[in-house]
Every structure is written in structure tokens, then in C-alpha cells.
Amino acid sequence: MAEKNQPGFTRQPFIRNFCIIAHIDHGKSTVADRILQLSGIVGQREMHDRFLDRMDIEQERGITIKSQAVRVPWVFDGQEYTLGMIDTPGHVDFSYEVSRSLAACEGAVLLVDATQGIEAQTLSNLYMAIDHDLAIIPVLNKIDLPSAEPDKHAAEIAGLLGVDESEILRVSGKTGEGVSELLDRIVTDIPAPEGDPEGPARALIFDSVYDSYRGIVTYIRMIDGTLRSRRKIRMMGLGTVHDPIELGVISPDMEPAGQLCAGEVGYIITGVKDVSQSKVGDTITEESSPASEPLPGYHDPRPMVYAGLFPIDNAQFPDLRDALDKLKLNDAALVYEPETSVALGFGFRCGFLGLLHMEIVSERLSREFGLDLISTAPSVTYDVEMEDRSDHHVTNPSEFPEGKVRRVTEPMVAADIILPKEFIGPVMELCQERRGQMGTMEYLSPERVEMHYRLPLAEIVFDFFDQLKSRTKGYASLDYHEDGEQDADLVKVDILIQGEPVDAFSAIVHRDKAYAYGVMMTKKLRELIPRQQFEIPVQAAIGARIIARENIRALRKDVLAKCYGGDITRKRKLLEKQKAGKKRMKMLGHVEVPQEAFVAALATGNTNDRDTRDKIRAAEKAK
Ligand SMILES: Nc1nc2c(ncn2[C@@H]2O[C@H](COP(=O)(O)OP(=O)(O)OP(=O)(O)O)[C@@H](O)[C@H]2O)c(=O)[nH]1
């Protein structure tokens, strides 16, 4: 082999690319912090907790949303190795992010909290890693905690992976114990990258971000050959050609390098600001000697829930479009198309992987792009077949077709729930309430079981997880994936304010739950819409049939105020006159619903209606 720094030298045998996978909160980011520190690339002074969680939201919420790739050096047996480490998110909504990172690695560190044991995302991430043919290093974390039970959980993991218990490493991300052994194991157990270092360059784009100063920053994993700065590159899928301004590695900040060789993980900046010019999953090659075949890319993830996002100030619509384009670069799972709503104006119908994903996107839009948004109630997608044989794919309840419906199908998920056995009863009850069909049940250990259910997605995406947690004192964990469709008895419930349907409040619900939805929404709106000069009926309807009604009473002007004493006929006359006036108002009436009421009525979280109502009332008074 050629000497180091000589032409033709390849570092490939001394590279290891790995990611850390685990259930949420099992300590990936903390272990990654210790690795950064031990390798010496982050000094004691710059170190802070969760170093790689660079977004504000990640720091505040204490969760990883985006994978981060960073290069760390490690010396083993006198030889310096380059480790490409990718820290991945743990929440089920971001498993797509995990699968992309796995495609850039040869090995995975499977981290399990020694106080908790295997949880639902431990399993789903493990299966994903096995699908990608990765070498797995099982590790128990948090062994410093008094409540840790490493022996018990090591047995669980050994049983799952079919390995000896002695192969399971024990570390503490907090104290750093065992982390240097982990780094040694990464060198010895994870294979060096394969790929042809001398062949035409091929690099997989596994992520990209938009930087307002530098344009698009593309993160790549080199598979074959070498990319050099100032040599034109070609995006094979898009067919576009660019001049790289800079390429380099992240360690832990961006460090420009002259070239990136096969096996390395790094970044490229082309100065391009048009976000459509970079697609995650595309292959980059060299323009002068291009590769003939691109690498297998990624499958686009399918959104699970849809919701409308509307700027509160309609003038911000173009800004919202621009912001979504930029966010999409960094979040391939986000899909959107323009939509108009009678109630909310111009906006976008957006598809998300789950509610946390939706929350994060709305929050990033408001923080990073300064937009004030209203989001409509999230909904899953339905396929509707009409009597006249026309088919409709409905992502928005207000698009539910009118007329005779032959059949409606709803998306289903296969859910895996891990829980202590004493909670089997309450969990079965919950799944039954949510129209679940029970599958098999296995014991992971004498105390813990894994239950399999098939459930409608619509029943699981909203508050199922909260319910599961509260019925199991926080001990259950949940993972789910798509599992076909089923016929369902679903209806569209419209909400009418003064007889007019308000598109933003329509929902598609199971017939058995339609009444409850109607009552809940009408009650909520009665609380939220300020009283006006005339009475406002708020109704819920399925087609032409009204299923719930509330009235917002009119403000009654005290016409008798100036009428001290006097005879009863005069009072009656005044009241009659007032009634007539009100009739006219009703006829002419146009209800003003304040924006805050929309926000509160559509909020899925535990928004306090009373608070919002008080705020609305105060604002009205001030007017
Ligand atoms: N005592 C102790 N606490 C730990 C250890 N490792 C992590 N923690 C704590 O566990 C919590 C979760 O750790 P994180 O590193 O944020 O977990 P994560 O897996 O990266 O979480 P997500 O990125 O959200 O999936 C934090 O409060 C850490 O301080 C450990 O070895 N010992």
C-alpha cells in the first residue's frame, strides 16, 4: 500500500463509520459527548451537555431531532483510526432520519438504559440496523445509577441478539466509565468501509441543511473514489453540475479539506442557494470522470398525518412557501402543497411523520423563519369510493366527497408495545377502546412482555401514547409502522357557525365517535367565540343531520335601564322592539370569530380554553 500522504494512499482500512441507536432518552447524546471528549476534539472548556444537538429546540426539549455526523480520531494498538460517528434521534417520528444515517455506516452501537432494559424503539432500531447488514455492538448505559440492573438487562439483550452476555459492554455516559473500551470495540468489531478507492467517485447525500450565508451544505458519505475541491461535480439524479467551493469534514466544526476519499463522511458546499438543487439520497460524482451507475438512494417516507398550516397574517404566505422549501432540504420527510380555506385564507396542506414531527416543524417555522401560524387539526388520509365508482384520496376532511359513499378505507399500523406484565389488562382495554385487534404476545423476561396490536392509525397518532403512559405509570413503550388499510365506518362531521360550515373544523371520525366529537367542538366553540349582538347557533352535523348544538347567547342591551318605574306595557314595548331588531341582526348577521379562537379550538394539546377565552374577552373589551 502507498505511504500516508502519498498519491494513491487510502485511509479506508483505518476508517470506521458507526451510528448510535437507542430508545429515546437511553443516553445516545450523552455517550456521544463522552466520545467527543475522550478523543480530544472537544476540550473541557468548550464542552457542554448534548454537544451535537445544535438546534435550540433540541437543547430545550432535551431530544435529538436531526442526526449529526462528526469525525473523531482514535488510536488503537498504536494505529490512528478515523471514526465517523452519527448521533441519531430516538423518537418514533424520526425513525426515517435513523434509517438514512444507517445507510452511511457499517456498524451500530445499540445503547440500552441499564435501569430500563429493552424498549420499543430499541427493537425497531435494531431491526433497521440488521436490515442494513450492520455490525451491532450491544451496550448497557447508565451503569452508575443505583437503580441500574445490568445483569438482568444483559440477559435480555443476549437473548435477543443470540450472543453471550459477556459481549455486552457496560458504560456510563455520565462518568465516562467503559467509553474507551467502547471505542476500541468499534475499531475491532465494525468492518472498514468497502468500496473502490481508485474507481470513479460516488458519494451518497445523506443530509443537507440551508445556511443563510453559505447556501446549501450537503452532507455526504463517500463510497468510491475521491472528490477534490475545485473539481466540478455532478448530481447524478438531478443531472446538474456544480463547482464545489469547499469540501471538508466536521470535527466537531467544519474543517475544509483538499479531498474526500472513499469511506469518509464529510460535507460539500457549492454556493448554490436554490433548494431544489440538492436532493437527499442522490449520488454525487466527478464531472470529468463520472461513475456510470448511481448508488441506491432512499425511499421517500410516506407522511402519516396531514394538517393545514396558515399564516395568521395572510401577507406572509410567500414567506411560508420559502421557509417550507428551505426546511424541506433538511427534513426530507416533510411534504406540502398549497391549499385555501374559506376560514383561514391561503396556506399549505402539509404531511408529517407524526404529531411530534408536526410540532417541531411548526416550531422551527416560527423560530427560524419568524412566521406566526395556525395549524388545523391533524388528520390521517382516507380512500373513499363512491357509489358512482369514483375514487378519492382524502388528506383534508373538507375534501371528503359529498354524495353516496360505497366504502371508506383507513390506514392501519402494526404496533409493538413493551410493558411490565401487571399492566397487560389496562393496555388491552385501551387498545380495545381504540378499535385494535390483538396479535401475539411474547415474554421478554419473566416480568416484561411485548404485545402486538393492529390499530387504525387515526386512533394512535393523537393521544394514544399519553394514554398508554398514564395507564402504565409511564412504564410502557410504543413503536409502530404502517400495516395496510381496512374498511371502516367513517363519517365527516361538519361544524356550522350560524348555519355556515367552517371548513377548518371539519373532521373525519368513526361513526361511534362522531357524536362525542360534535359535542366537544360545539362546547369548545361556545366557550371561545365572544357573544355578539345576536344569538349564534354552533352546530355539528353529519351531512344534513344535526348531531349537536350549542347557542352563543346574544349580548342583551339593557333597554330598560333608563326606564325607572313606569308601567309594564312600556317595558314590554321596548323589549318587543329590541327583539325585532335582533331578528334583523340575525338575518344580516356575520359572525366574527377571532383568530385566537381558531388557534385554541384547533389545538390538540392541553390548551386551557378558559385562559384563551379570557384573553379573547379582554382583547374584545379593549377594542
Ligand atoms: N446517571 C446517568 N444519566 C445518564 C447517563 N447517560 C445519559 N443520562 C441522562 O439521561 C437523559 C437522557 O440522555 P440523552 O443523552 O439526552 O438521551 P438520548 O438517547 O440522546 O435522547 P434522544 O436524543 O432524545 O433520543 C439525560 O438526562 C442524561 O443526563 C448515564 O450514563 N448515567
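Residues numbered from 1 in each chain as written. Predicted model: local features only at pLDDT ≥ 70, side-chain atom pairs only at ≥ 80, totals over all residues. Heavy atoms only, no water.

As recorded in an unreviewed UniProt entry, the protein goes by Elongation factor 4 and comes from Scardovia wiggsiae F0424. The UniProt entry for the protein carries the following text under Catalytic activity (unreviewed entry): "GTP + H2O = GDP + phosphate + H(+)". (UniProt positions renumbered as here; feature names shortened; annotations may be inferred.)

Compared with an ideal rise of 1.5 Å per residue, which puts 15 residues at 21 Å, helix 8 (residues 355-369) spans 20 Å between its outermost C-alpha atoms and is within 8% of the ideal. Those residues of helix 8 that fall on the buried side of the exposure criterion are Leu 355, Leu 356, His 357, Met 358, Ile 360, Val 361, Ser 362, Arg 364 and Leu 365. Within two residues after helix 8, Gly 370 carries a phi angle of roughly 60°, on the positive side. (Helix = DSSP H or I, 4+ residues; strand = E, 2+ residues; numbered from the N terminus. Expected span 1.5 Å × (residues − 1). Buried < 20%, exposed > 50% of the residue type's maximum accessible area, 1.4 Å probe, protein only.)

Now for the environment of Ile 268. Within the element layout of this structure, Ile 268 appears in strand 15 (residues 265-269). Leave out the neighbours within four places in its chain, and Ile 268 touches Ile 216, Val 217, Thr 218, Ile 220, Leu 227, Ile 233, Pro 244, Glu 246, Leu 247 and Ile 284. (Contact = heavy atoms within 4.5 Å.)

Take helix 5 (residues 150-161) next. The end-to-end C-alpha distance of helix 5, which contains 12 residues, comes to 16 Å, matching closely the 16 Å that a straight helix rising 1.5 Å per residue would cover. Residues Pro 150, His 153, Ala 154, Glu 156, Ile 157 and Ala 158 constitute the buried set of helix 5. Where helix 5 is buried, its residues touch strand 4 (107-113), strand 5 (135-141), strand 6 (169-170) and strand 25 (448-456). The positive-phi residue at the C-terminal boundary of helix 5 is Gly 162, with phi of around 70°.

It is worth spelling out the sheet that holds strand 3 (residues 79-87) at this point. Taken together, six strands build an open sheet; the order of strands is 2-3-1-4-5-6 and the sheet is mixed. At either end of the open sheet lies a strand with only one pairing partner, and these are strand 2 (68-76) and strand 6. With seven bridges joining them, strand 4 and strand 5 adopt parallel strand pairing. Bridge pairing in strand 5 links Gly 107 to Ala 135. Here helix 4 (residues 120-131) sits on the sheet and contacts strand 1 (15-22), strand 4 and strand 5; the angle it forms with strand 1, its principal contact strand, is near 150°. (Pairing = 2+ DSSP bridges. Axes fitted to C-alpha atoms, helices over the stretch in contact; angles between N-to-C directions.)

Once that is clear, we can look at the packing of aromatic side chains. Inspection of every chain in the model, using the stated rule, returns five aromatic pairs. On the basis of an interplanar angle of 10° and a centroid distance of 5.1 Å, the ring pair of Phe 317 and Phe 348 is categorised as stacked. Residue Phe 317 is located in helix 7 (residues 317-330), and its partner Phe 348 is located in strand 19 (residues 345-352); the two are separated by 31 residues in the primary sequence. Residue classification places Phe 317 among the buried residues on the basis of a relative accessible area of 15%. Phe 348 gets classed as buried once you look at its relative accessible area, which sits at 1%. Site record: aromatic cluster; members linked through ring pairs are Phe 317, Tyr 336, Phe 346 and Phe 348. (Phe/Tyr/Trp six-rings, centres within 6.5 Å; stacked < 30°, edge-to-face > 60°.)

Attention shifts here to the pattern of salt bridges. Scanning the model with the defined rule gives 33 salt bridges in all. One salt bridge connects Arg 221 with Glu 106, and the closest N-O pair in it is separated by 3.0 Å. Of this pair, Arg 221 sits in strand 8 (residues 215-224) while Glu 106 is found in the loop between helix 3 (95-102) and strand 4, placing the two residues 115 residues apart along the sequence. By relative accessible area, which is 15% here, Glu 106 ends up buried. Taking the shortest distance from any N to any O, the salt bridge between Arg 471 and Glu 433 comes out at 3.2 Å. Pair noted here: Arg 471 is in helix 11 (residues 464-471) and Glu 433 is in helix 9 (residues 424-433), with a separation of 38 residues, a long-range link. Arg 471 gets classed as partly exposed once you look at its relative accessible area, which sits at 24%. The partly exposed category is assigned to Glu 433, whose relative accessible area is 41%. Counted as one network, the salt bridges with shared partners bring together Glu 385, Arg 389, Arg 406, Arg 407 and Asp 487. (Salt bridge = Lys/Arg side-chain N within 4 Å of Asp/Glu carboxyl O.)

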